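Analysis of the macromolecular model
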Amino acid sequence: MSISVENISKFYGDQKALDTVNFSIKRGEIVGFLGPNGAGKSTLMKILTGYLSASEGIASVNDVLISEDLKAVQRSVGYLPEHNPLYTEMYVREYLSFNASIFKIKKSRIEEVLEMTGLLPEANKKIEQLSKGYRQRVGLAAVLLHDPEVLILDEPTTGLDPNQLTEIRNLILKVGNEKTVF
């Protein structure tokens, strides 16, 4: 299994955010995670990426228990949170170069990701000049830099216009040919 969740619960004091959640996702699947606001979707994604700990239960990514080897899990996951954390004063290529330098990724990978995400024409623009759809592409490009096996995308299409929505969905489908997307 690419992602396995067994009896995961999360409490914030007396508030139960997740109540014994169970599911698994096979390698290469694209799975949408639906539910009303406040249902715990983002909380579960944060548990799967190691940003939060579960109160109960176990979860694994690529057959590695998150509680036992968080670093291995994080190396295999690309995570795009709901609020795309971009340095908007940077240029697109500069931002990706900055991320690549942190993770010691070859500069040639930046060009591959720019092409894959359709950002080559925008690469020399400041992020603040981009539409929301292109900003989402920059976020996706950043999470794809280290070539993760699993992508965890928290509401990647929220607030996009119909054209942007179609473009981002097509990009996710394209990436999903090689990766697990949750």
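Let me begin by describing the structure that accompanies this report. Since the model is a prediction, treat every value here as computed from it, not as a measurement. (Residues numbered from 1 in each chain as written. Predicted model: local features only at pLDDT ≥ 70, side-chain atom pairs only at ≥ 80, totals over all residues. Heavy atoms only, no water.)

Our focus in this paragraph is the sheet that holds strand S6 (residues 150-153). Spatial strand order, S5-S6-S7: three strands in an open sheet with parallel pairing. Each of the sheet's edge strands pairs with one partner strand only, and the pair in question is strand S5 (77-80) and strand S7 (180-181). (Pairing = 2+ DSSP bridges. Helix = DSSP H or I, 4+ residues; strand = E, 2+ residues; numbered from the N terminus.)

Looking now at the packing of aromatic side chains. In the structure shown here, the tally under the stated rule is six aromatic pairs. Aromatic pair Phe 23 and Phe 33: ring centres 5.9 Å apart, planes at 40°, arrangement tilted. With Phe 23 in strand S2 (residues 15-25) and Phe 33 in the loop between S2 and helix H1 (41-49), this residue pair connects regions lying ten residues apart in the sequence. Under the relative-accessibility criterion, Phe 23 is labelled partly exposed at 21%. By relative accessible area, which is 26% here, Phe 33 ends up partly exposed. Seen from their ring centres, Tyr 87 and Tyr 95 are 6.2 Å apart, and the 65° between their planes marks the pair as edge-to-face. Accessibility expressed as a relative area gives 42% for Tyr 87, which makes it partly exposed. We classify Tyr 95 as buried; its relative accessible area is 5%. Here the aromatic cluster, defined as three or more aromatic residues joined through ring pairs, consists of Phe 23, Phe 33 and Phe 182. The lysine or arginine in question, Lys 10, covers the ring of Tyr 12, its NZ or CZ lying 5.4 Å from the ring centre. (Phe/Tyr/Trp six-rings, centres within 6.5 Å; stacked < 30°, edge-to-face > 60°. Buried < 20%, exposed > 50% of the residue type's maximum accessible area, 1.4 Å probe, protein only. Lys NZ or Arg CZ within 6 Å of the ring centre and 35° of its normal.)

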